[in-house]
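Read off the chains here:
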Amino acid sequence: MSLLRQIQDAAIDSSIDLPTLLRKCKVLAVRLGNDDFNRWIDSELAGYDDTDDLPEYRIFGVNSKGHFSGPFGSGLRNADIPLSCFPEDFREILGHSYFTQPIAAIASLVGDEKSGTLQEPWNPDLVAHFGQKIYQNMVCMQAWKVIPTSALVAALDTVRTRILNFALEIEAQNPAAGEAMANEKPVPQETVQHIFNTYITGDVQNLASGSTNFAQHAKQQKNVDHELFAKLLDAIATANLSRPLQVELGGAVEELRATNGTAAFKEKYHRFMGIVADHMQVLGPVVAPFLAPLAMLAT
């Protein structure tokens, strides 16, 4: 089995842990000769050094709770802490949690936690500074951010989906790219960079300097209209698919067309990709030409 197919299968199979999947990607990154893809893999495996470098899927919006002590033995436990109590400069950091840990550590947190939430303690200096400014006549003794484990699960799933999309598009360019020899260029570097920016970082503007054709291509993708969905539906209709699968996938495309340009599009896109992932061997060749413009619309 080719390396690209191994990566695709591992991305779909949740029983294969993400570090193993990322190490397979590491081999692919070296064979493709793409430094950005290589650095992203290293950061996911080893963790990020700076919160400024974090992808958006590692930053979670959170609420905070705390224990408070008042006069005559009064107090509050697990009380919500409203952000409106704090100056504007502090609301961003208190309203978000930034996960720089290696992806294996995040997966471990998800596996070990049974309550559905995680706690990130506040910096003691913040507790001391603002402790008397939250509830009248009470002092905050302890405070923490409440992080739903579902957010971490979604982050892990995002990594799998981005890898899957990347591997599918590389395969569409050259099915043998994963077996390239040293110093070989199985896919033009500008193409690899464009695919990386589209599927991994979601930043289609970050294209190789001087690459006019790709800049034009990105611009065209931003203006994709309903013709894209019509062509995709035609491809599904003419493919040798079972009737139930044809109906299910066609319905998902109709939902994409109906929500194009709205906030609901991204959710429908994930549903569409889930169907594709469940039937990868059958649907991969059918939808591969349409994955890049669809991903552009979802960013």
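Up top is the structure.
Every value quoted in this text rests on a predicted model; they were computed, and no experiment measured them. Think of each chain on its own: its residues are numbered from 1, step by step along the sequence as written. Whole-chain, interface and lining totals are the exception, using all residues; otherwise, since this is a predicted model, local features are given only for residues with pLDDT of at least 70 and side-chain atom pairs are given and counted only at 80 or more. Hydrogen atoms and water are omitted, and side-chain values are computed over all heavy atoms in the structure.

## Brief notes about the layout of surface pockets
One water molecule sets the probe size; rolling that probe over the atoms shows where empty space is left. Buriedness of a pocket was judged along seven lines, with at least five required to meet protein on both sides within 12 Å; pockets are open sets of points on a 1 Å grid over the protein atoms alone, cavities are sets where a 1.4 Å probe fits but cannot get out, and lining residues have an atom within 4 Å of a point. Grid points are joined across faces, edges and corners, and a volume is the space filled by probe spheres set on the points. Counted as a void, the largest pocket has a volume near 400 Å³. What lines the largest pocket is a set of 18 residues, among which Glu56, Thr158, Arg162, Lys266 and His270 lie closest to the centre. Each helix is a run of H or I in the DSSP string that is no shorter than four residues. Each strand is a run of E no shorter than two, and both are numbered from the N terminus. When contributions to the lining of the largest pocket are tallied by element, the ones reaching two or more residues are α7 (149-173), α8 (189-201), α12 (265-278) and α13 (280-298). Of all the elements, α7 adds the most residues to the lining of the largest pocket, at six residues. Only Asp, Glu, Lys and Arg are considered charged in this grouping, and only Ala, Val, Leu, Ile, Met, Phe, Trp, Tyr, Cys and Pro are considered nonpolar; every other residue, Gly among them, is considered polar. Taken together, the residues of the lining of the largest pocket sort by class into six nonpolar, eight polar and four charged.

## Structural notes on the sheet that holds strand β3 (residues 75-81)
At least two bridges found by DSSP between two strands is the condition for calling them paired. One open sheet accounts for four strands, arranged β3-β2-β6-β5; its pairing is antiparallel. Either end of the sheet is taken by a strand with one partner, and the two such strands are β3 and β5 (117-121). The sheet shows a mean angle of 30 degrees between the axes of neighbouring strands, direction not considered. Here five bridges tie β5 to strand β6 (residues 139-148), and the two strands are oriented antiparallel to one another. Within the sheet, the bridge partner assigned to Gln119 lies in β6 and is Val146. The strands that α7 touches are β5 and β6; relative to β6, the one it contacts most, it runs at about 40 degrees. Lines fitted to C-alpha atoms define the axes here, with helix axes fitted over just the stretch in contact, and angles between the N-to-C directions of these axes take values from 0 to 180 degrees. For this analysis, residues touch if any pair of their heavy atoms sits within 4.5 Å.

## Re the side chain of Glu44
By the element assignment, Glu44 lies in helix α3 (residues 35-46). The class of Glu44 is buried, set by a relative accessible area of 0%. Any N or O atom pair separated by 3.5 Å or less is treated as a polar contact, with the protein-specific requirement of one donor-capable and one acceptor-capable atom, and with residues adjacent in sequence counted only for side-chain atom pairs. Side-chain polar atoms of Glu44 contact the side chain of Tyr48, separated by 2.7 Å. Among all residues touching Glu44, those that are not within four sequence positions of it are Leu22, Pro55, Tyr57, Arg58, Pro102, Ile103 and Val159. Relative accessibility under 20% of the residue-type maximum defines a buried residue, over 50% an exposed one, and the middle range a partly exposed one, all with a 1.4 Å probe and only protein chains included.

## A word on the packing of aromatic side chains
The description of an aromatic ring pair rests on the distance of the ring centres and on the angle between the ring planes. Two rings from Phe, Tyr or Trp (for Trp, the six-membered ring) form a pair when their centres are within 6.5 Å of each other. A pair whose planes differ by under 30 degrees is stacked, one over 60 is edge-to-face, and the rest are tilted. The final tally for this structure, using the stated rule, is eight aromatic pairs. For the ring pair Phe37 and Trp40, a centre distance of 6.2 Å and an interplane angle of 15 degrees mean the geometry is stacked. With Phe37 and Trp40 both in helix α3 and three residues apart, this pair spans about one turn of that helix. Summarising the burial analysis for this pair, Phe37 and Trp40 share the class buried. Residues Phe86 and Phe130 carry aromatic rings whose centres are separated by 5.1 Å and whose planes lie at 85 degrees to one another, so their mutual orientation is edge-to-face. Remark: Phe130 occurs in helix α6 (residues 124-130) and Phe86 occurs in the loop between β3 and α4 (88-94); sequence separation between them is 44 residues. Across the pair, exposure class does not vary: Phe86 and Phe130 are buried alike. Within the aromatic cluster, the residues linked to one another by ring pairs are Phe37, Trp40, Phe166 and Phe196.

Nothing here speaks to function; it is all geometry.
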